[in-house]
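Working through the structure, step by step
Listed here are the chains, written in short residue letters.
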Amino acid sequence: MAWIVTLVLLAEAVGIAAVNWLLGTVVDHQQMSLAGLDPAMMATSSKAGGVVFGLYFALCALAALLVAVRDRAPAGLGRVLLVSAAVVNALLGAVAWGLVGPEAFLTLMVVLALLVLLLMTYDRPRDTGARPAGDPPGEGGAPEAAPGPRPTSTPAGDAQGRPADTGKITRTAPTTP
């Protein structure tokens, strides 16, 4: 699964960078202007945005590649990158529906589903079932936690004779100096 997500994110990185570069080139060649903005600045901004966005998706692909190689859930920055890539794909899908059409929307939703599936499948702790030698089921294992301190006083409880839960009692403190 993580290998597929890696390849899809790399393809998306190249695609996003190429589309923005193409748009910048078109604006530059046609000297198009939007509300009086400098066409050269618009072309440069589109190309720079494409490179930055492409590098972002390439970094997300690297995080997915590390998940695939390690066969472990992403942690730290890798998890943040993959979650943010899922959010970006959801937002791009919403915009793509209106600007490009349902095909682009469905493509981006497939990428979103792959990212969510990657994050969810590696999120479960694994139980390999392997036990150390000489540790039969039901015996040994991790030590249990020591019990908490016993209350020093026993309140009477309520009218039905049930004892009070002294662990949840909060003592009052004076509020004036």
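Residues numbered from 1 in each chain as written. Predicted model: local features only at pLDDT ≥ 70, side-chain atom pairs only at ≥ 80, totals over all residues. Heavy atoms only, no water.

1. Quick look at the overall build of the protein chain
Along the protein chain, the regular secondary structure elements total 4 helices and 0 strands. The buried share of the protein chain, reckoned over its 177 residues, is 24%. A sequence separation of at least 24 residues applies to 61% of the contacts in the protein chain between residues at least 6 apart. (Helix = DSSP H or I, 4+ residues; strand = E, 2+ residues; numbered from the N terminus. Buried < 20%, exposed > 50% of the residue type's maximum accessible area, 1.4 Å probe, protein only. Contact = heavy atoms within 4.5 Å.)

2. Things to note about the packing of aromatic side chains
Tallied over the full model, the rule gives 4 aromatic pairs. The interplanar angle of 55 degrees and the centroid separation of 5.2 Å between the aromatic rings of F53 and F57 together place this pair among those described as tilted. On the criterion of helical spacing, the pair formed by F53 and F57 is a turn pair, its members being 4 residues apart in helix α2 (residues 39–70). Through pairs of rings, three or more aromatic residues link up here, namely F53, Y56 and F57. (Phe/Tyr/Trp six-rings, centres within 6.5 Å; stacked < 30°, edge-to-face > 60°.)

3. Points about the nonpolar core
The biggest cluster of nonpolar side chains holds 24 residues, and the ones touching the most others in it are V5, L9, F57, L82, L115 and L118. Residue assignment for this core shows that the elements contributing at least two residues are α1 (2–30), α2, α3 (77–99) and α4 (102–121). The element contributing the most residues to this core is α2, with 7 residues. (Core = buried A, V, L, I, M, F, W, Y, C linked by side-chain atoms within 4.5 Å.)

4. What to know about the side chain of E12
Of note, E12 is situated in helix α1. Put simply, E12 is tucked away with no salt bridge, and the nearest opposite charge, on R79, sits 18 Å away. Contacts of E12, omitting those with residues within four sequence positions, involve F57, N89, L108 and V111. (Lys, Arg positive; Asp, Glu negative; His and termini not counted. Salt bridge = Lys/Arg side-chain N within 4 Å of Asp/Glu carboxyl O.)

5. Description of unusual backbone geometry
Although it is not a glycine, D71 adopts a positive phi angle of roughly 55 degrees. Locating D71 in the fold gives a position in the loop between α2 and α3. Here D71 falls in the partly exposed class, since its relative accessible area comes to 38%.

6. Some remarks on the packing of α2 against α3
Orientation of α2 relative to α3, taken along the N-to-C sense of each, is 130 degrees, at an axis distance of 9 Å. Here α2 is positioned oblique relative to α3, judged by the angle of their axes. With respect to the hand of their crossing, α2 and α3 are arranged in left-handed fashion. Taken together, the residues of α3 that come into contact with α2 (itself represented by F53, Y56, F57, L59, C60, A63, A64 and V67) are G78, L81, L82, S84, A85, V88, N89 and L92. Tallied by class, the residues present in the contact of α2 with α3 amount to 13 nonpolar, 3 polar and no charged. (Axes fitted to C-alpha atoms, helices over the stretch in contact; angles between N-to-C directions. Parallel < 35°, antiparallel > 145°, perpendicular 65-115°, else oblique. Left-handed = near helix turned anticlockwise from the far one by under 90°. Nonpolar A, V, L, I, M, F, W, Y, C, P; charged D, E, K, R; others polar.)

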